[in-house]
Amino acid sequence: MTLTTPPTSGGRAEAPALAARAASVGASPVREILALTARPEVISFAGGLPAPELFDAERISAAFATVLAESPERVLQYSTTEGDPELRRAVAARLTGRGLPTGADDLLVTGGSQQALSLLATALLGPGDVVLVEDPTYLAALQSFGFAGARVLPVPSDAEGIDPAALEELVLRERPKLLYLIPTFQNPTGRTLSAERRRAVAEVAGRHGLWLVEDDPYGDLRFSGEPVPWVASYEAAADRTVLLGSFSKIMAPGMRLGWLRAPAVLRRACTIAKQAADLHTSTVDQAAAARYLTDNDLEVHLNRVRAAYRERRDALDDGLADALPAGSSWNRPDGGMFLWVSLPAGYDATALLQRAITHNVAYVPGTPFFAGPPDPTTLRMSFTTHTPDEIREGLHRLAQAVAAHG
Ligand code: PMP
């Protein structure tokens, strides 16, 4: 037996250290502050959760009951890594119907889109590889890339998202492996990349050979404005774009179901990485989701969710002017779950949060979402989990916190 550290006489040797990648990806200090917002009396705009009272629990429950009654020997058994063929057919039909021709075999079912990010990092990234991201971007994507040892660089962005010209410059200089984008109702900003910029981004990827990861968990939650085509639908980068989807915001995040649509070479590599990670996504959850989609019209459910979120977005947007310091600005997204606020220069959203918590209201400071130098005046607010009345009460408390903050 070989030990890295010999046991001291009569004592115990220390366990070996964590891998460098685990030691370097730290917990966020903001998470610790946000732990204080879990108290029931807090009206929190901080969460990233869908509204639980809008889950279609009865029909989801019926779908589970049906598949367990009809084919327990199948849905309780191991299954293929690629995923339930019926579920993949249903997702492919939805994508095709919305302008992105897709076959069931173009898809890999994943444990939420979070697993897809981690599989892509395993399949594509080694230590030192460069990943480009929007700034700010989704925190847990930064973690996935960080675990792979990648060097994550922000692409200069404005209110519309990344700037394609700045992207091209950065691509030439840094030779990145991939660009990670949340083009529609982005987390954390709620912003949407225009069709022209999507085309330009696809052309940059086509010209210079980098992978595009298009993460789209929120696109189905559009309640105003016109849909914008997926980046994956532009010819210039069709052979190098990975589209990620998720049932978390349209069905239920606890089912942990997502999917990845990727060119064959990369999809196969992700499938092998998934074998190593978990063999396959839960058979019974996939079968229940497929059954739900067969027995129900998902659009009917989505329309209910969209109508509620629209009302909540309006309540938040309408009340912010009276709650925030004069000179603050924010956007009014056409869908998704979040909007993004900039406080006037000199404000620190993390310091204001400490004060807000004493008034039983919370949001997330923008700082942890930045891959580059953070803008301390920014913050993210979610409008999904409270009724319009609760949102108004939350904003009233926020106004008091701002006044007390001075
Ligand atoms: N990507 C983005 C942009 C997200 O905001 C989230 C979750 N909030 C995920 C991926 C992961 O979602 P899930 O694993 O539940 O599909």
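Keep in mind that this is a model prediction, so the values were computed, not measured.

## Some remarks on empty space enclosed by the protein
And step 1. According to the stated counting rule, one finds 2 cavities of 30 Å³ or more in the structure shown.
And step 2. The wall of the largest cavity is formed by 16 residues, among which Arg 94, Arg 98, Asp 220, Ile 250 and Trp 259 lie closest to the centre.
And step 3. Secondary structure elements with two or more residues in the lining of the largest cavity: helix H5 (85-97) and strand S9 (241-246).
And step 4. Per-element tally for the lining of the largest cavity: the top contributor is H5, with 3 residues.
And step 5. When the residues that make up the lining of the largest cavity are grouped by side-chain class, the tally is 9 nonpolar, 3 polar and 4 charged.

## Section: the nonpolar core
And step 1. By size, the foremost hydrophobic cluster in this structure holds 68 residues, and its most contacted members are Tyr 363 and Met 381.
And step 2. Here this core takes 9 residues from helix H12 (residues 298-323), the largest share from any one element.
And step 3. Counting residues domain by domain, this core receives three or more from each of domain 1 (26-56 + 300-405) and domain 2 (57-295).
And step 4. Those residues within four positions of Tyr 363 in sequence are excluded, and the remaining contacts are Leu 34, Phe 45, Ala 46, Ala 349, Leu 352, Leu 353, Ala 356, Leu 379, Arg 380, Met 381 and Leu 398.
And step 5. Counting residues in hydrophobic clusters, the runner-up holds 26 residues, among them Leu 117, Leu 125, Val 131 and Val 213.

## Some words on the sheet that holds strand S2 (residues 107-110)
And step 1. Spatial strand order, S2-S10-S9-S8-S7-S3-S4: 7 strands in an open sheet with mixed pairing. In this open sheet, the two edge strands, each paired with only one partner strand, are S2 and strand S4 (151-155). Taken over all neighbouring pairs, the strand axes of this sheet differ in orientation by 20° on average, direction set aside.
And step 2. Strands in contact with helix H8 (residues 164-174) are strand S3 (130-134), S4 and strand S7 (178-181); relative to S4, the strand with the most contacts, it is inclined by about 155°.

## Some points on the site of the ligand
And step 1. Around the ligand, 14 residues are found, and the nearest of them are Ser 113, Asp 215, Tyr 218, Ser 246 and Ser 248.
And step 2. At 2.9 Å, a side-chain N or O of Asn 187 approaches an oxygen atom of the ligand.
And step 3. Ser 246 places a polar side-chain atom, nitrogen or oxygen, 2.6 Å from an oxygen atom of the ligand.
And step 4. With the chains in place, 92% of the 400 Å² that the ligand exposes on its own is no longer accessible.
And step 5. Counting atoms within 2 Å of the grid points, the majority share of the ligand lands in the largest pocket.
And step 6. Sort the elements by how many residues they give to the shell around the ligand and helix H6 (residues 112-124) lands first, with 3 residues.

## What about the layout of surface pockets?
And step 1. Taken as a whole, the largest pocket holds about 790 Å³ of empty space.
And step 2. For the largest pocket, the lining is made up of 35 residues, of which Gly 48, Leu 49, Tyr 138, Asn 187 and Arg 380 are closest to its centre.
And step 3. Contributing elements (two or more residues each) for the lining of the largest pocket: helix H2 (29-35), H6 and helix H7 (139-147).
And step 4. Partitioned by chemical class, the residues of the lining of the largest pocket number 18 nonpolar, 12 polar and 5 charged.
And step 5. When residues of the lining of the largest pocket are sorted by domain, at least three fall in each of domain 1 (26-56 + 300-405) and domain 2 (57-295).

## Things to note about the pairing of S2
If a strand is regular, its side chains alternate between the two faces of the sheet.
And step 1. Going residue by residue along S2, you find Leu 107 and Val 109 tucked away on one face and Leu 108 and Thr 110 tucked away on the opposite face as well.
And step 2. Note: S2 against strand S10 (residues 258-261), 4 bridges, orientation antiparallel. Its bridge partner lying in S10, Thr 110 is registered against Gly 258.

## A look at the domain arrangement of the protein chain
And step 1. Considered domain by domain, the protein chain is made up of domain 1 (26-56 + 300-405) and domain 2 (57-295).
And step 2. With centres defined by C-alpha atoms, the gap from domain 1 to domain 2 works out at 26 Å.
And step 3. Taken together, the contacts link 30 residues of domain 1 with 35 residues of domain 2.
And step 4. For the pair domain 1 and domain 2, the two sides together bury roughly 2700 Å², of which 59% comes from carbon and sulfur.
And step 5. Among the residues domain 1 hides against domain 2, the three largest losses belong to Asp 56, Asp 334 and Phe 369. Together they make up 25% of the total.

## A look at the sheet that holds strand S11 (residues 329-330)
Within a beta sheet, neighbouring strands are joined by backbone hydrogen bonds and run either parallel or antiparallel to one another.
And step 1. Read across the sheet, 4 strands follow the order S11-S12-S15-S14 without closing on themselves; strand pairing throughout is antiparallel. Two strands bound the open sheet, and with one partner strand each, they are S11 and strand S14 (364-365).

## Structural notes on the environment of Leu 172
And step 1. Within the secondary structure, Leu 172 sits in helix H8.
And step 2. For Leu 172, a relative accessible area of 45% gives the class partly exposed.
And step 3. For the pair Leu 172 and Thr 96, spaced 76 residues apart in sequence, the C-alpha separation works out to 34 Å.

## Observations concerning the pairing of S3
And step 1. Of all 5 residues in S3, 5 are buried; the element is thus mostly enclosed.
And step 2. Sheet topology places S3 next to S4; 5 bridges connect them, and they run parallel. The residue bridging Val 130 from the neighbouring strand is Arg 151, located in S4.
And step 3. What joins S3 to S4 is H7, and the crossover it makes is right-handed.
And step 4. Pairing of S3 with S7, which is carried by 3 bridges, proceeds in the parallel orientation.

Conventions and cut-offs
- Along each chain, numbering runs from 1 in the same order as the chain's sequence is written.
- In keeping with the predicted nature of the model, local features appear solely for residues at pLDDT of at least 70, side-chain atom pairs appear and are counted solely at 80 or more, and the whole-chain, interface and lining totals rest on all residues.
- In computing side-chain values, all of the structure's heavy atoms are included and hydrogens and water are not.
- Buriedness for pockets is judged along seven lines, at least five of which must meet protein on both sides within 12 Å for an open set on the 1 Å grid over protein atoms alone, while cavities are sets there where a 1.4 Å probe fits but cannot get out, and lining residues have an atom within 4 Å of a point.
- Grid points are joined across faces, edges and corners, and a volume is the space filled by probe spheres set on the points.
- Starting at the N terminus, helices and strands are each numbered in turn, a helix being any DSSP run of H or I of at least four residues and a strand any DSSP run of E of at least two.
- Only Asp, Glu, Lys and Arg are considered charged in this grouping, and only Ala, Val, Leu, Ile, Met, Phe, Trp, Tyr, Cys and Pro are considered nonpolar; every other residue, Gly among them, is considered polar.
- Among buried residues, those of type Ala, Val, Leu, Ile, Met, Phe, Trp, Tyr and Cys that are joined through side-chain atoms within 4.5 Å constitute a nonpolar core.
- The buried label applies to any residue whose accessible area, calculated with a 1.4 Å probe on protein chains only, is under 20% of its type's maximum; exposed applies above 50%, and partly exposed to all values in between.
- In this entry, domain limits derive from an automatic or database-based domain assignment.
- Contacts are residue-level and defined by heavy atoms, with any inter-residue pair within 4.5 Å sufficient.
- Paired strands, as defined in this entry, are two strands with at least two bridges between them according to DSSP.
- Lines fitted to C-alpha atoms define the axes here, with helix axes fitted over just the stretch in contact, and angles between the N-to-C directions of these axes take values from 0 to 180 degrees.
- We call a residue near a molecule or strand whenever a single non-hydrogen atom of that residue lies within 4 Å of it.
- Each polar contact in these results corresponds to two N or O atoms within 3.5 Å; when the atoms are within protein, one needs to be able to donate a hydrogen and the other to accept it, and residues that are neighboring in sequence are counted only if both atoms are side-chain atoms.
- All accessible areas in this document rest on Shrake-Rupley with a 1.4 Å probe, and a residue is counted as covered only by the protein chains that are shown.
- In this scheme, a molecule is assigned to a cavity or pocket if more than half of its atoms are within 2 Å of the grid points.
- Values labelled buried area give the accessible surface lost by two parts on being combined, using a 1.4 Å probe and summing over both.
- Here, the term right-handed applies to a crossover whose path from the first strand over the helix to the second runs clockwise when the strands point away from the viewer.

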